[in-house]
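Chain by chain, the residues:
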Amino acid sequence: MDFRFSNLEEAFRQEVDDFIKKGLPANWTEESHYWPGGYGTISDFEGLSPAGEQFRRRLVEKGWLTLSWPKEYGGAGRSNMEQAILNERLSYHRAPGPGVATLISGPTILLFGSDENKRVWLPRIAKAEIRFWLAYSEPNAGSDLASIQTRAVEDGEDLVINGQKTWSSGAHVSDFAWMLVRTDPNARAHKGISLVIVDNRSEGITIRPLINICGFHSFNEVFFDNVRIPKSNIIGERNRGWYYAMAALDFERLVVPVGGFRRTFEELVQWVREVRHDGEVLINDPIIRDKLAEMAIDIDVAYMFFWQTAWMLDRGLIPNIEASVLKLVTTELSRKLANTAVDVMGPYGELERGAKWAPFGGRMCTGYLDCISALVGAGTSEIQRSIVAIRGLGLPWAAS
């Protein structure tokens, strides 16, 4: 692959950067507590801000929210590399951007949805009229999603759903659940699952908050008690949901806030350039310099994997192995960046939000707590290693 941007891509990158700087409120980037890779500090999962929603509407007006979608479905028909450039710049500035509906549900519907699925859902997603949350995990089904027990039973023209989902990031601020349900209890585990869309306003849904370790309300547990949905809300074919969900998970693993890693690292470097210990600026400490140099290399490696996946998509290649590699690399990067920040900053890195002397508003301490979620969301690091071994090296499934 050619690691250089084309002139068109460079111009687009500058256009995006200028747009973000003009469109975001002053100090937005500095005041955000989002930790790259974490699921517990995503601001949209805790609550929607008027300024953030206004910025997202501007993205819709520019046609950037669905930049790489086909024009006939409300997209701009631009390249996947341009989509990656947009996502990198948005994450660098910790800006609001495409969400679950746009980055995961929409592309899955484009690939596998019926004509009716596309007609009903894609225009509303493209216009940011609706928000989705991922209803996959259950109390006894996390990494082993094929063991889900939430059931959907046919009743006339409806499906009746009973069960429970957990973690459920952003369920309380979303409109619809993008949900896995068991529709054939007699089939083999992964062959009796369907992918459906459920309206959060449906009777029988109860959403309870789960306050995370960072003190944010990003997670929930959601209960379904005889919830009815029309059969038309099944995505694609019935009992094919497992295969659709695996593709959707690949899309999720490509959604990497790589720019956020670089921005946070740059802030840390600037801090050690300014802070003194025993009369010397910290940047002169050879141990700290080594830690930062290693961190800089790891971030560049993550960027290379990030650009590679966009390059592959533009050439019609399916980066399913690369999606897991990218997820694994950036997951571990989230943890390593948090550990490095706390090590380098010493006691200052342990100060929480609201503490008088906390640098960066306590973001490093919050990130140290939140990076744990990066190791779990969209499949644990262990799962990613298994996927790479099975798909990439051709190992038998039993070896996982």
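Just above, that's the structure.
Residues numbered from 1 in each chain as written. Predicted model: local features only at pLDDT ≥ 70, side-chain atom pairs only at ≥ 80, totals over all residues. Heavy atoms only, no water.

**Concerning the overall build of the protein chain**
The line we're drawing: Only DSSP runs of H or I covering at least 4 residues are called helices, and only runs of E covering at least 2 are called strands; the numbering of each starts at the N terminus. Think of it in three bands: with a 1.4 Å probe and only protein chains considered, a residue is buried below 20% of the maximum accessible area for its type, exposed above 50%, and partly exposed in between. Note on contacts: a residue pair is in contact if any heavy atoms of the two residues lie within 4.5 Å.
In terms of regular secondary structure, the protein chain is built from 13 helices and nine strands. Its C-alpha atoms put the protein chain at 75 × 50 × 45 Å along the principal axes. The burial tally for the protein chain puts 52% of its 400 residues in the buried class. Taking the contacts inside the protein chain whose residues are at least 6 apart along the sequence as the reference set, 72% of them involve residues at least 24 apart.

**Description of the packing of helix H11 (residues 320-345) against helix H12 (residues 363-374)**
Worth spelling out the cut-off: In this analysis an axis means a line fitted to C-alpha atoms, helices contributing only their contacting stretch, and an angle means the value between N-to-C directions, from 0 to 180 degrees. Note that the term roughly parallel is reserved for angles under 35 degrees, roughly antiparallel for angles over 145, roughly perpendicular for angles of 65 to 115, and oblique for everything else. The sense of a crossing depends on the near helix, which, turned anticlockwise from the far helix by less than a right angle, makes the crossing left-handed and, turned clockwise, makes it right-handed. Polar here means any residue outside two lists: the nonpolar Ala, Val, Leu, Ile, Met, Phe, Trp, Tyr, Cys and Pro, and the charged Asp, Glu, Lys and Arg; Gly therefore counts as polar.
The interhelical angle for the contact between H11 and H12, taken along N-to-C directions, is 155°, at an axis separation of 9 Å. It follows from the interaxial angle that H11 and H12 lie roughly antiparallel. Crossing of H11 over H12 shows left-handed handedness. Of the residues in H12, those in contact with Lys-327, Thr-331, Ser-334, Arg-335, Ala-338, Asn-339, Ala-341, Val-342 and Met-345 of H11 are Met-364, Gly-367, Tyr-368, Cys-371 and Ala-374. Across the contact of H11 with H12, the residue classes tally to eight nonpolar, four polar and two charged.

**Let's talk about the pattern of salt bridges**
The condition that has to hold: A pair is scored as a salt bridge if a Lys or Arg side-chain nitrogen falls within 4 Å of a carboxyl oxygen belonging to Asp or Glu.
Enumeration over the complete set of coordinates arrives at 25 salt bridges. In this structure, Glu-53 and Arg-56 form a salt bridge, with 2.3 Å as the shortest nitrogen-oxygen distance. A residue pair is termed a helical-turn pair when its members lie 3 or 4 positions apart in one helix, as Glu-53 and Arg-56 do in helix H4 (residues 50-62) at three residues. What makes Arg-56 buried here is its relative accessible area of 6%.

**What to know about unusual backbone geometry**
With a phi angle near 70°, Asn-239 is a residue other than glycine that sits in the positive phi range. By the element assignment, Asn-239 lies in the loop between strand E7 (217-230) and helix H8 (241-254). The residue Asp-278 is not glycine, and still its phi comes out positive at about 55°. Tracing the chain through its elements places Asp-278 in the loop between strand E8 (276-277) and strand E9 (280-281).

**Some remarks on helix H9 (residues 258-274)**
Threshold: Expected helix span is computed as 1.5 Å times (number of residues minus one).
Taking 1.5 Å as the rise per residue, H9 with 17 residues should run 24 Å; its terminal C-alpha atoms sit 25 Å apart, in good agreement. With respect to burial, H9 is a largely interior element, twelve of its 17 residues being buried. Along H9, the positions that sit buried rather than exposed are Val-258, Gly-259, Gly-260, Phe-261, Arg-263, Thr-264, Phe-265, Glu-267, Leu-268, Val-269, Trp-271 and Val-272. Lining the buried residues of H9 we find helix H2 (28-31), helix H5 (80-92), E9, helix H10 (286-314), H11 and H12.

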